[in-house]
Amino acid sequence: MSEIHLSVVIPAYNEEVRLKESLREVLRYLKSQPYTFEVILVDDGSSDRTKEVAETCLKDVHHQVLVNQPNQGKGYSVKRGMLAARGRFILFSDADFSTPLEEVERFLQYLQSGYDVVIGSRALPESRVEIRQNILRQNMGKIFNLFVRLFASQEIHDSQCGFKCFKSDAAKNLFGRQMLKGFSFDVEILYLAQRLGCRVLEEPVIWRNSPHSRVHIVKDSLRMLFDIMRIRWIHRRLK
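Here the structure is a predicted model, which is why all the values come from computation and not from measurement.

Enquirer: Even after reading the chapter, I still don't get the sheet that holds strand S5 (residues 117-121), so can you show me in this structure?
Expert: Whether parallel or antiparallel, the strands of a sheet pair through hydrogen bonds between backbone atoms. Taken in spatial order, the seven strands of this open sheet run S3-S2-S1-S4-S7-S5-S8, and their pairing is mixed. If you trace the sheet from one side to the other, it starts and ends with strand S3 (63-67) and strand S8 (200-204), each paired once. Recorded for the sheet is a direction-independent mean angle of 20° between the axes of neighbouring strands. Across five bridges, the pairing between strand S2 (residues 37-43) and S3 is parallel. The residue bridging Val42 from the neighbouring strand is Leu66, located in S3. The sheet strands contacting helix H3 (residues 74-84) are strand S1 (6-12), S2, S3, strand S4 (89-93) and strand S7 (163-167), and the helix crosses S1 at an angle near 155°.

Enquirer: Explain the layout of surface pockets here, please?
Expert: Think of a ball as big as a water molecule: rolled over the atoms, this probe shows where empty space is left. Its volume calculated, the second largest pocket comes out at about 300 Å³. Lining the second largest pocket are 14 residues, with Ser22, Glu25, Asp96, Phe97 and Pro100 positioned closest to its centre. Ranked by the residues each element gives to the lining of the second largest pocket, the list is headed by helix H1 (residues 16-31), at seven residues.

Enquirer: What should I look at first to understand the packing of aromatic side chains in this one?
Expert: Any two aromatic rings considered together are summarised by their centre-to-centre distance and by the angle between their planes. This structure, assessed with the given rule, holds six aromatic pairs. Ring geometry for Phe107 against Phe163: centres 5.4 Å apart, planes inclined by 80°, an arrangement best described as edge-to-face. Placement of Phe107 in helix H4 (residues 104-112) and of Phe163 in strand S7 is noted, with a sequence separation of 56 residues between them. Of the two residues, Phe107 and Phe163, both sit in the buried class. Aromatic ring contacts, followed pair by pair, group Phe92, Phe166, Phe175 and Phe185 into a single cluster. In this structure, Arg122 packs its charged tip against the face of Trp207, placed 4.6 Å from the ring centre. Here the guanidinium or amino end of Arg236 rests over the ring plane of Trp233, the centre of that ring lying 3.9 Å away.

Enquirer: Even after reading the chapter, I still don't get H1, so can you show me in this structure?
Expert: Quick reminder: α-helices carry 3.6 residues per turn. Residues three or four places apart thus point the same way. Given a rise of 1.5 Å per residue, 16 residues ought to cover 22 Å, and the 23 Å separating the end C-alpha atoms of H1 matches this to within 8%. Contacts from the buried residues of H1 go to S1, S2, helix H2 (50-58) and H4.

Enquirer: Mind showing me how you'd approach the pairing of S7 here?
Expert: For a regular strand, side-chain orientation follows a simple rule: the groups alternate between the two sheet faces. Among the five residues that make up S7, four are buried, leaving the element largely enclosed by the rest of the structure. The pairing of S5 with S7 spans three bridges and is antiparallel. Counterpart to Ile119 in the pairing with S7 is Lys164.

Enquirer: What exactly am I supposed to notice about the pattern of salt bridges here?
Expert: Side-chain pairs of opposite charge can arise whenever the charged atoms involved come near each other. Tallied over the entire structure, the rule returns twelve salt bridges. Across the salt bridge formed by Glu15 and Arg18, the nearest N and O atoms sit 2.5 Å from each other. A relative accessible area of 5% places Glu15 in the buried class. Among the salt bridges present, the one from Asp158 reaches Arg122, with a minimum N-O distance of 2.8 Å. On the criterion of sequence distance, the pair formed by Asp158 in the loop between helix H5 (135-151) and S7 and Arg122 in the loop between S5 and strand S6 (128-131) is long-range, its members being 36 residues apart. A residue is classified by how much of its surface remains accessible, and Asp158, at 3% relative accessible area, is buried. By relative accessible area, Arg122 is classed as partly exposed at 22%. If you follow the salt bridges from partner to partner, you end up with Glu15, Arg18 and Asp96 in one network.

Enquirer: Whenever I open this one, the packing of H1 against H2 confuses me. Can you help?
Expert: A pair of packed helices can be characterised by two numbers: the angle between their axes and the separation between those axes. Taken N-terminus to C-terminus, the directions of H1 and H2 make an angle of 20°; their axes are 9 Å apart at the nearest point. With respect to each other, H1 and H2 are oriented roughly parallel. Seen along the crossing, H1 lies across H2 with a hand that is right-handed. In this structure, H1 uses Glu16, Leu19, Lys20, Leu23 and Leu27 to contact H2, whose residues at the interface are Thr50, Val53, Ala54, Cys57 and Leu58. Considered class by class, the residues forming the contact of H1 with H2 number seven nonpolar, one polar and two charged.

So, how was this worked out
- Residues numbered from 1 in each chain as written.
- Predicted model: local features only at pLDDT ≥ 70, side-chain atom pairs only at ≥ 80, totals over all residues.
- Heavy atoms only, no water.
- Pairing = 2+ DSSP bridges.
- Helix = DSSP H or I, 4+ residues; strand = E, 2+ residues; numbered from the N terminus.
- Axes fitted to C-alpha atoms, helices over the stretch in contact; angles between N-to-C directions.
- Contact = heavy atoms within 4.5 Å.
- 1 Å grid on protein atoms, 1.4 Å probe; cavity = no way out; pocket = protein on both sides within 12 Å on 5 of 7 lines; lining within 4 Å.
- Points joined across faces, edges and corners; volume = space filled by probe spheres on them.
- Phe/Tyr/Trp six-rings, centres within 6.5 Å; stacked < 30°, edge-to-face > 60°.
- Buried < 20%, exposed > 50% of the residue type's maximum accessible area, 1.4 Å probe, protein only.
- Lys NZ or Arg CZ within 6 Å of the ring centre and 35° of its normal.
- Expected span 1.5 Å × (residues − 1).
- Salt bridge = Lys/Arg side-chain N within 4 Å of Asp/Glu carboxyl O.
- Parallel < 35°, antiparallel > 145°, perpendicular 65-115°, else oblique.
- Left-handed = near helix turned anticlockwise from the far one by under 90°.
- Nonpolar A, V, L, I, M, F, W, Y, C, P; charged D, E, K, R; others polar.

Keep in mind that these numbers describe shape and distance, not what the molecule does.
Quick look at the structure:
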């Protein structure tokens, strides 16, 4: 098999209903590109037919379907997919693709020009948020990002946009060090990237909110705030 140019990692939990349409759009785009690719779907212990739907949709392309048993968390799922990826560049995206996959082309250009990590952002002036979250989630997101800038990544405006792309060597280094299994893993990865001297670019993207968020507005938000306050302690020996 020739070198894979782009790996697309998709964490999924009980995504049977919307996964078929998401993967159809992903493959429509990737098959129109001149480069080689693979799709890696990580099923985080789903109780529905997520695995079967993924296998059926991806059967004609290079792919991996990895299954966690039991459920381990989004961070664990993304880490597993990133470490299994074989591409020169590795993108992870939420299963709903709130940011269209087409946005990756600019990300790849930046990575080829010298950046190690390019992350999508909904918070920059040039970002196009076409479908917004409800006002409560918007305000919680702003508070969370304030804590992120205070405790972990001062220069990042939006750590939680689920659309991030990495050079392979940077991905293996960063995700190999990742400790958090839950939704706060993005903050940990960006903290590690800055501490290890990676060139990180925050890039505006198109974003269309999906109403089916897996993040519990109270329980998960409190857990995430606790996690970001202990990231420095977790990696206190990092040099």
